[in-house]
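Survey of secondary and tertiary structure
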Amino acid sequence: MHDMVRDNWLRFNLPLEGQVHFMYLDVKGWVSTGVGNKIDQTAAEMSAPSDAERSASLNLANQLQWTDKNSGAVASPDQVAADWDAVKGRLDLAAKGHLAFEEMTQLRISNEEVFRVVSGKLAEMETVLKGRPEFTAFDTWPASAQLATMSMCWGMGPMFRFPTFQGHVAAANWTGAADECRFNPDEGTIRIRNKLDRAHFLAAAAVAAQGLPVGQLSVSPVDVLGVQHALWMLGFDPGPQDGGDGGRTQAGVKAFQATRGVEENGRWDDPATRTELSTALGEAGWLVV
């Protein structure tokens, strides 16, 4: 995997998964933490674990470095089990989001631990993916194609089965991959992930067509989605990266404009702003395609 993909992975996923320092239930009723990191070996969605599933889940949970939120002391296995059981026992709250579990949990992981866990999961998925025949050339792919594919893995696991998509990537047909990368349910943050993945596959196609360096991530800020994504990856907040030109996007554009000395009009398609955005992306190591 290109270094730039690895270095930008956490930021890419933060608006899609959030960064949570305690245990919570995801929408399928699995105990999770960090950036969508599942620590639950229960086979069925929205169900209580068997004794064996609970034991395997606690083994996963204890691989993380938990501390008490009040004292800062390193948590014991019994404390980890208590938090895990408390969260798993509230399947009725799974649809309410992670904040519903903040007060009922005692343990926390640090930002550094989140990064370690996320990086470890990314490396594990990459190893599994490259063991599949369609992905053996993964290391030679444009960085944006790598990012988009790993994003799909993050949502579905590295053993996902999309035969048409797999045929496209095996042939380095990034435009075809862009047309076949969407996965369900295409709603909420998954819909945004699908849009970003498609944009990155199209950017990879442009990189290949123009003979640009494959090790750099690429973005095409020619529409609202491209500008939103560029702003987010540069450290600005454009709101949801959904392709809609709303108030938060305009505020993000204004914040960027203020740092570059151009008129603060909030317009994503302002020529001077787009020129400065391209310059800023280049300064950060991105390719503008």
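Residues numbered from 1 in each chain as written. Predicted model: local features only at pLDDT ≥ 70, side-chain atom pairs only at ≥ 80, totals over all residues. Heavy atoms only, no water.

1. Quick look at the overall build of the protein chain
Defined as follows: Here a helix means four or more residues in a row that DSSP labels H or I, a strand means two or more in a row labelled E, and each is numbered from the N terminus. The globule rule used for comparison is 2.2 Å times the number of residues to the exponent 0.38, while the radius of gyration itself is calculated over C-alpha atoms. Only protein chains enter the accessibility calculation, which uses a 1.4 Å probe; a residue is then buried when its area is under 20% of its type maximum, exposed when over 50%, and partly exposed in between.
What the protein chain contains, in helices and strands, is eleven helices and seven strands. Relative to a compact globule of 289 residues, whose C-alpha radius of gyration would be 19 Å, the protein chain shows 20 Å and is just as compact. Taken along the three principal axes of its C-alpha coordinates, the protein chain extends 60 × 45 × 30 Å. In the protein chain, buried positions account for 46% of the 289 residues.

2. Digging into the packing of aromatic side chains
Rules: Planes of paired rings set the category: under 30 degrees apart is stacked, over 60 is edge-to-face and the rest tilted, where pairs are Phe, Tyr or Trp rings (Trp by its six-membered ring) whose centres lie within 6.5 Å. Throughout this description, the term charge over a ring refers to an Arg CZ or Lys NZ atom that lies within 6 Å of the ring centre and within 35 degrees of the ring normal.
One pass over the full model with this rule turns up eleven aromatic pairs. Judged by centre distance (5.4 Å) and plane angle (70 degrees), the ring pair of Trp9 and Trp154 falls under edge-to-face. With Trp9 in helix H1 (residues 3-17) and Trp154 in helix H5 (residues 143-156), the pair connects residues that are 145 residues apart, well separated along the chain. Look at Trp154 and you get buried, because its relative accessible area is 6%. An aromatic cluster of at least three residues, connected via ring pairs, comprises Phe135, Phe138, Trp141, Phe160, Phe162, Phe165, Trp174 and Phe201. We note Arg11 situated over the ring of Trp232; from NZ or CZ to the ring centre the distance is 3.8 Å. Positioned over the ring face of Trp30 is Lys38, at 4.1 Å from the centre of the ring.

3. Some details on the layout of surface pockets
Over the atoms, a rolled probe matching the size of one water molecule traces out where space is still vacant. To keep it simple, the criterion reads: A cavity here means a set of points on a 1 Å grid, drawn over the protein atoms and nothing else, where a 1.4 Å probe fits but cannot get out; a pocket is an open set with protein on both sides within 12 Å along at least five of seven lines, and a residue lines either one if it has an atom within 4 Å of a point. Grid points are joined across faces, edges and corners, and a volume is the space filled by probe spheres set on the points. Following the grouping adopted for this structure description, the nonpolar residues are Ala, Val, Leu, Ile, Met, Phe, Trp, Tyr, Cys and Pro, the charged ones are Asp, Glu, Lys and Arg, and the polar ones are all others, Gly among them.
Of the voids in this model, the largest pocket is the one considered here, and its volume is about 1,500 Å³. Only H1, strand S1 (20-25), strand S3 (37-38), helix H4 (111-130), H5 and helix H8 (188-210) provide two or more residues apiece to the lining of the largest pocket. The dominant element in the lining of the largest pocket, judged by the number of residues it contributes, is H4, at six residues. Class assignment for the residues of the lining of the largest pocket results in 21 nonpolar, 14 polar and eleven charged. Considering only enclosed or pocket space, the second largest pocket measures out at about 270 Å³ in volume. Lining the second largest pocket are 17 residues, with Ala199, Leu202, Ser220, Asp223 and Leu225 sitting closest to its centre. Counting only elements with at least two residues in the lining of the second largest pocket, the list comes to H8, strand S6 (218-219) and helix H9 (224-233). Here the lining of the second largest pocket takes eight residues from H8, the largest share from any one element. Looking at the lining of the second largest pocket residue by residue, the classes come out as nine nonpolar, five polar and three charged.

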